[in-house]
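In case you want the letters, here they are:
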Amino acid sequence: MRKKLIAANWKMYKNPEQTREFFAAFLPLVAGHTRDEIVVCPPFVDLYAAVEAAKGSSIAIGGQDVYWKEEGAFTGEISSSMLLAAGATHVIIGHSERRQYFAETDDTVNLKLKAALEAGLTPIVCVGEVLEEREANLTEDVLRRQCLRAFHAISGKKAAKLVIAYEPVWAIGTGKTATPQMAADAHELIRSEAAKAFGDEFAAQLRILYGGSVKPENAKALMAEEQIDGALVGGASLDAKSFTAIVQY
Ligand code: 13P
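Below is a short write-up of the structure. Nothing here was measured: the structure is a model prediction, and the numbers come from that model.

**With respect to the nonpolar core**
- In terms of nonpolar packing, the biggest core is built from 63 residues, with Phe23, Phe26, Phe151, Leu162, Ile164, Tyr210 and Phe243 touching the most fellow members.
- The greatest single-element share of this core, amounting to seven residues, is contributed by helix α8 (residues 180-198).
- Excluding residues that lie within four positions of it along the chain, Leu162 makes contacts with Leu113, Leu117, Pro123, Val125, Phe151, Phe198, Phe202 and Leu206.
- Counting twelve residues, the second largest nonpolar core, distinct from the first, contains Cys41, Cys126, Val163 and Ala165.

Below is the structure:
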């Protein structure tokens, strides 16, 4: 049985004060919820406030990106060890918004993944096709390429903590959700790529989250799919009540 992981990606929303307000509302609502793992990924400047607020709870905190070097003259970047020192345990890598707007490539995803695993973070690697690719029947090719290159030169032993998030880009922030069946098909393909790279046993344990307009109204149907091991939630994770409703699908 794979324990489901429900992760909040706050993107560029909330400051430290709003972060504290969120946790003050959210923690009592999910107190005692042990069925699923819960992770909140706020902007970097909110990490400290989030870690402090979540102390003593079972909520884990993650970054939204990471650079692959340990330290150095890399203005604006954050390393894995900095995330860990700030109290984060997870990190999102290769989100489609980083691929679209900030020149993230399959190769930088691979470098970031290696660095995060090496440091002991739990990486949540995002893959997913854009609308034109889906319409041109290229979804499988795109997912295969993204997985193959993300996993390049990483051993199954090293990759133990890996989590994948399938986020069809056309479903992000649009209100359009992949049907549970579409997501399950994509997840199956991703799992088979993981099996090729890391072996069947690894693939059977690998958690593959779905992301893209996950809302309280559709969470139950998505989570009912055997292939879907959790959710990566954007917009609906910003409000404590709606994120709670998703966590308690
Ligand atoms: P939305 O839930 O707002 O569609 O965002 C999904 C996402 O990109 C999570 O990483």
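**What to know about the site of the ligand**
- Every residue near the ligand is listed here: Asn9, Lys11, His95, Glu167, Ala171, Ile172, Gly173, Gly212, Ser213, Leu232, Gly234 and Gly235.
- Ser213 has a polar backbone atom sitting 2.8 Å from an oxygen atom of the ligand.
- For the ligand, the accessible surface in isolation is 310 Å², of which the surrounding protein chains cover 97%.

**A short note on the environment of Glu77**
- Within the element layout of this structure, Glu77 appears in the loop between β3 (60-63) and α3 (80-85).
- For Glu77, a relative accessible area of 37% corresponds to the partly exposed category.
- Residues Glu77 and Gly234, 157 residues apart in the sequence, show an inter-C-alpha distance of 22 Å.

Rules and cut-offs
- Residues numbered from 1 in each chain as written.
- Predicted model: local features only at pLDDT ≥ 70, side-chain atom pairs only at ≥ 80, totals over all residues.
- Heavy atoms only, no water.
- Core = buried A, V, L, I, M, F, W, Y, C linked by side-chain atoms within 4.5 Å.
- Buried < 20%, exposed > 50% of the residue type's maximum accessible area, 1.4 Å probe, protein only.
- Helix = DSSP H or I, 4+ residues; strand = E, 2+ residues; numbered from the N terminus.
- Contact = heavy atoms within 4.5 Å.
- Near = heavy atom within 4 Å.
- Polar contact = N/O pair within 3.5 Å; in protein donor to acceptor, adjacent residues only side chain to side chain.
- Areas by Shrake-Rupley, 256 points an atom, 1.4 Å probe, with all protein chains shown as cover.

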